[in-house]
Structure formats: C-alpha cells, structure tokens
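An overview of the molecular structure
For reference, the chains in residue letters:
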Amino acid sequence: MFKILFSFKIRTLPHLEGYMNSIGKFFHLNENHTSFKTEFLAGLTTFVSMSYILFVNPAVLGASGMNKGALFTATALSAAFTCIVMGLVANYPIASAPTLGLNAFFTYTVCLGMHVKWQTALAAVFVASILFILLTVFKVREMIIDAIPSDIKYAISAGIGLFIAFIGLQGGKLISKSDSTLVTVGALNNPLVWITIFGLVVTIFLMIARVPGAIFIGMIVAAVFGIAIGQIPMPKAFISGVPSLSPIFGQAVFHISDINTVQMWIVVFTFLLVTFFDTTGTLIGLVQQAGLMKDNKMPRAGEALAADSSGMLVGSVLGTSPVGAFVESSAGIAVGGRTGLTAVWVGIFFLISTIFSPILSVFTTQVTAPALIIVGVLMAENLAHVHWTDLEIAIPCFLIALGMPLTYSISDGLGWGLIIYPVSMLAAKRFKEITPMMWILFFVFVIYFVVLNVK
C-alpha cells in the first residue's frame, strides 16, 4: 500500500507543480511580487469582508416582494461571475457584487416609493446595463479614468479609505447615530462593541508586528471571541440547500416593454449614473491602492470595465440590483493581493457559499469591522501624495476625500470634487490645464445631482 501511495505521489506532484506554474504565469504572480498562497489569503479576506452582502441584499430587495431565497442565490452567482471574469480577463484583485445603496434605491424609492413592480425595476436595471456596456465599448469610461489628474486619483483612493473605515466604525458599533450631532460614540455597555474593540486591538498589534495575514487572523480571533462571550451563536448546521432562482430569473428581460414612461427612463438613467461613477471611482481607488497605476493610467482598463459592466447585465438577468466593484476589495489588497487570482478565489468562495451559508453567520459586521478600519488607515496614506500647498488642487481633493464618507456615497463625493475642480483651476489662472473631459465631467455631475434630486 505504501509503495502504491508513494508511486501516486511521485506521478502526481510534477503535474500539480506544472499546473501551479501555469497559473503563476497566467496571472503574472512573480512580476507582481505575490504568490499563490498570498492570493488565496487575499481572496479569502476579501470574501469574508464582503460576505455580508449575501444576507443584506436579499433582506433589502426582499422588501419589494421578491423571493429572498432566490435573491440569496442570485447575489452569490452574480458576484461569482463578475469576480471570476474580472480575474481572468483584467487580472485585477477587485471583487464585485450587488452594491449597497442601489439596492435600497431599487426597493424603497422605485418599488415602494414609485409603486413600480419589482419585475419592471429589474427591467430598468437590464436596460441601464446595456447602456453601461455601450459606454464601455466606446471607451467613454476609459477616457474618463485617463483624464482625471493624479492628485484627484490619490484623493479618490484616500476618500474610499475614509469611507470604508466609516463603514467599519458604524458596523462595529463604535459610532452610532445621534439626533443632535448625526453621529456619536457607541455605547461601551453593548457587548457587541467589545467584539470590534478586541478584534481591532489584536489586528493593530499583528499589523505593527508585521505578522503575515494579520487582517485575516484578526477577523478569526474576533469571531472566536464573539462566540466565547456568547454574542455570536454557533451555526446550527454547516451545509444547506441552494434556493431556486426560478421566481426571479429572467424577469428583467420579460418586462423590458414596461420601460415606456418618462418616470421609468429617469429610473434607468439614475441606475446608470450612480453605477457608472460609483464603480469607476472604486476601480480607480483600488488600482491606486494596489500600486498598479502606470503613468497615471490604469493598465487593462478596458478589460476591467468590460468585466464590470457585463456583471451588471448578468446580475439583472439573474434577478438582482446593479452589480459593481466592492470597496471591501481593499481588505484583500492590504493582505497582499495584486492579481486576478485574488478575484477568482473570491468568485470561487461565493460559489461555495451557496451551500455553506450557515457558516457565514459567524462573520458578523462586528467581526469584519476591524479589517475595514485598518484598511482605511492604509488607504489614507494616499493623502500624502496630494499637493496640499496648491489650494486649487487641495480644495477639490479635500471635498472628494471628505465627501465620500459624509455622503455615504463614492459617486457623490467624487461629484463634489469634480464640480469644484474647474472652478478652482480657473481662479488660479490654470485654465489651460483643464482638459475637455474634465469640463464634460463638470456638466455631467451637475446634471447628475439634478437628476438625483428630482422628486
């Protein structure tokens, strides 16, 4: 028996090594100073950080009357598809899933507020995704990314960092809402807060001590701590069945003819505008964080944008609100993820999650909060690259960095800065440095804010 096993090992290991080498060459692991192990850990960290969407998205969209079980499956499959395509086609460590904010707009504004059927709302997402793909095919998004000045790109990355840290502080209950000051410090007598505090202290210690995988280890320790103090229940099972997609699958296509009023076209363009600037801003920030920008340009931008837009189309057919790049990808990048292999692993974990969903309940927002806060610290480093002594540059960059967390929107914060940028440059008599694309963005964002405020 030993000889048989030994012989099998001798025959199979070279093949396994060959496969690993092929994967390494495909994703350019050596050129990006990363490894198979690092990419796996980065993918796992990103997935754990964003896995909450598997439960939050069905809860939000379910309020519109959609089947929550089918939504769970649609969320997992749309995320898996987009992550894997992003990894294989664009080779970026950026994960995607149905985005927060737009799912709330879908349910509470369109379906409940406007009394639009959820099937029609899905059709609006489908039409918006087709327009999104056309903008990508004609390289409009790529031209925008290349036209944005480097200082603005650094501010976008830092702003996303502040935004994701704010999400972590909120999810970890270290801050809470206040009627008088909007936000205030959380209640320390809440035992859930101590899960976040414990995880944050452990993660800070491990990060400063330069322990590999510190962020992921911090999440595991926080989860164990939460279980030990009785605030996180042990899962009752480890495997569950995959809910059927049939109640929602294809409804977007079947109801395209419902997009026949001015009101519904406003809904379509709102989905398009918010998704366009949210995902574009997120992609810029994450690529900047990973150090993958080349000469102020995003390599393989066309491929990344194609993966992003195709994910939105597939998601609408599966039956979910717009899919877009997730800021939580920054957690995996902070662990060391630098290639598309990270995104592929995230996609695989989303596929696996369809049967192991009970285990995910252990990773509450208090468990993942420390990771998001630390990632915010790391991304805020980009503020050091902004020319703060040039007021005409400093003001729009400041508005972007501050606007993202305060408006709870990447696109809104981006809009603040891009509207004021041409104004400040004109005042500084540097109007020749304002490119035509930046003027176009100025007017687009003015229209964007007008459209969003149409009642």
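Under an unreviewed UniProt entry, the name given to the chain is Xanthine/uracil/vitamin C permease, and the source organism is Lactobacillus gasseri. Per its UniProt entry, the chain bears the Sequence similarities (unreviewed entry) comment "Belongs to the nucleobase:cation symporter-2 (NCS2) (TC 2.A.40) family. Azg-like subfamily."

**Side note on the overall build of the chain**
Helix and strand content of the chain: 20 helices and four strands. Relative to the globule expectation of 23 Å for 455 residues, the C-alpha radius of gyration of the chain, 22 Å, shows essentially globular dimensions. Nonlocal contacts in the chain, meaning residues at least 24 apart in sequence, comprise 80% of its contacts between residues at least 6 apart. Surface summary for the chain: the accessible area is close to 19800 Å², and the carbon and sulfur share equals 71%. Between the mean site of the 22 positive side-chain charges and the mean site of the 18 negative ones, the chain shows a separation of 9 Å.

**Examining the pattern of salt bridges**
One side chain can pair with another of opposite charge once the charged atoms of both are near each other. Going through the model one piece at a time under the given rule, you end up with three salt bridges. Between Asp308 and Arg141 there is a salt bridge, with the nearest N and O atoms lying 3.1 Å from each other. Residue Asp308 is found in helix α13 (residues 301-318), and its partner Arg141 is found in helix α7 (residues 140-147); the two are separated by 167 residues along the sequence. Across this residue pair, the class does not change: Asp308 and Arg141 are buried. One salt bridge in this structure joins Glu433 and Arg430, with 2.9 Å as the shortest N-O distance. Judged by its relative accessible area of 22%, Arg430 is partly exposed. Residues joined by salt bridges that share partners form a network here, namely Glu392, Arg430 and Glu433.

**Observations regarding the nonpolar core**
Tyr92, Phe106, Phe271, Met298 and Phe350 are the most contacted members of the largest nonpolar core, which has 131 residues in total. Considering every element that reaches this core, the biggest residue donor is helix α12 (residues 262-289), with 13 residues. With residues near it in sequence (within four places) discarded, Phe350 still touches Phe47, Met50, Ile53, Leu54, Ala76, Ala79 and Ala80.

**Considering a nonpolar patch on the surface**
Where nonpolar side chains cluster on the molecular surface, the patch consists of Phe238, Ile239, Val242, Ile355 and Ile359 and spans about 440 Å² of accessible area. Looking at where Val242 falls in the secondary structure, it is placed in the loop between α10 (214-228) and α11 (251-254).

**Side note on the packing of aromatic side chains**
For the structure on display, the rule yields 18 aromatic pairs. Here the aromatic rings of Phe36 and Trp345 are separated by 5.9 Å at their centres, their planes lie at 85°, and the arrangement is edge-to-face. Within this pair, whereas Phe36 is found in helix α2 (residues 36-50), its partner Trp345 is found in helix α15 (residues 340-353), the two being separated by 309 residues in sequence. Exposure remark for Phe36: the relative accessible area of 25% places this residue in the partly exposed category. Considering the side-chain rings of Phe198 and Phe225, the 4.2 Å spacing of their centres and the 15° angle between planes classify their relative orientation as stacked. Taken together, the residues Phe198 in helix α9 (residues 191-208) and Phe225 in helix α10 connect sequence positions 27 residues apart. According to the relative accessible area criterion, Phe198 is partly exposed, its value standing at 32%. Phe225 sits in the partly exposed class, given a relative accessible area of 22%. Counting every residue linked through ring pairs, the aromatic cluster contains Phe36, Phe40, Phe47, Trp345, Phe349 and Phe350. It is Arg300 that lies over the ring of Tyr92; its NZ or CZ is 4.4 Å from the centre.

So, how was this worked out
- Per chain, residue numbering runs from 1 following the sequence as it is written.
- Two thresholds apply to this predicted model, a pLDDT of at least 70 for residue-level local features and 80 or more for giving and counting side-chain atom pairs, whereas whole-chain, interface and lining totals are computed over all residues.
- The basis for the side-chain values is all heavy atoms of the structure; hydrogens and waters are excluded.
- UniProt positions are given in the numbering used here, feature names are shortened, and annotations may be inferred rather than shown by experiment.
- Secondary structure elements are defined from DSSP: runs of H or I of at least 4 residues count as helices, runs of E of at least 2 residues count as strands, and each element is numbered from the N terminus.
- Within these notes, the globule rule equals 2.2 Å times the number of residues to the 0.38 power, and the radius of gyration is based on C-alpha atoms.
- Contacts between residues were defined by any pair of non-hydrogen atoms, one from each residue, lying within 4.5 Å.
- Each accessible area value is a Shrake-Rupley result obtained with a 1.4 Å probe; residue values ignore everything except the protein chains displayed when judging cover.
- Residues scored as positive are Lys and Arg, those scored as negative are Asp and Glu, and His as well as the terminal groups of each chain are ignored.
- In plain terms, the charge of a residue is placed at NZ if it is Lys, CZ if Arg, CG if Asp and CD if Glu.
- Whenever Lys or Arg places a side-chain nitrogen within 4 Å of a carboxyl oxygen from Asp or Glu, that contact is recorded as a salt bridge.
- Each residue is assigned to one of three classes by its accessible area relative to the maximum for its type, calculated with a 1.4 Å probe on protein chains only: buried under 20%, partly exposed between the two thresholds, exposed over 50%.
- By nonpolar core we mean a set of buried residues, namely Ala, Val, Leu, Ile, Met, Phe, Trp, Tyr and Cys, connected to one another through side-chain atoms within 4.5 Å.
- Put simply, a patch holds well-exposed residues, over 30% relative accessible area, that have no salt bridge, with like charges counted together within 9 Å and Val, Leu, Ile, Met, Phe, Trp or Tyr side chains within 5 Å.
- Only the six-membered ring of Trp is used, alongside the rings of Phe and Tyr, when aromatic pairs are assigned; centres must lie within 6.5 Å, and planes under 30 degrees apart are stacked while those over 60 apart are edge-to-face, with the rest tilted.
- Definition used: whenever NZ (Lys) or CZ (Arg) falls within 6 Å of the ring centre and also within 35 degrees of the ring normal, the charge is taken to sit over that ring.

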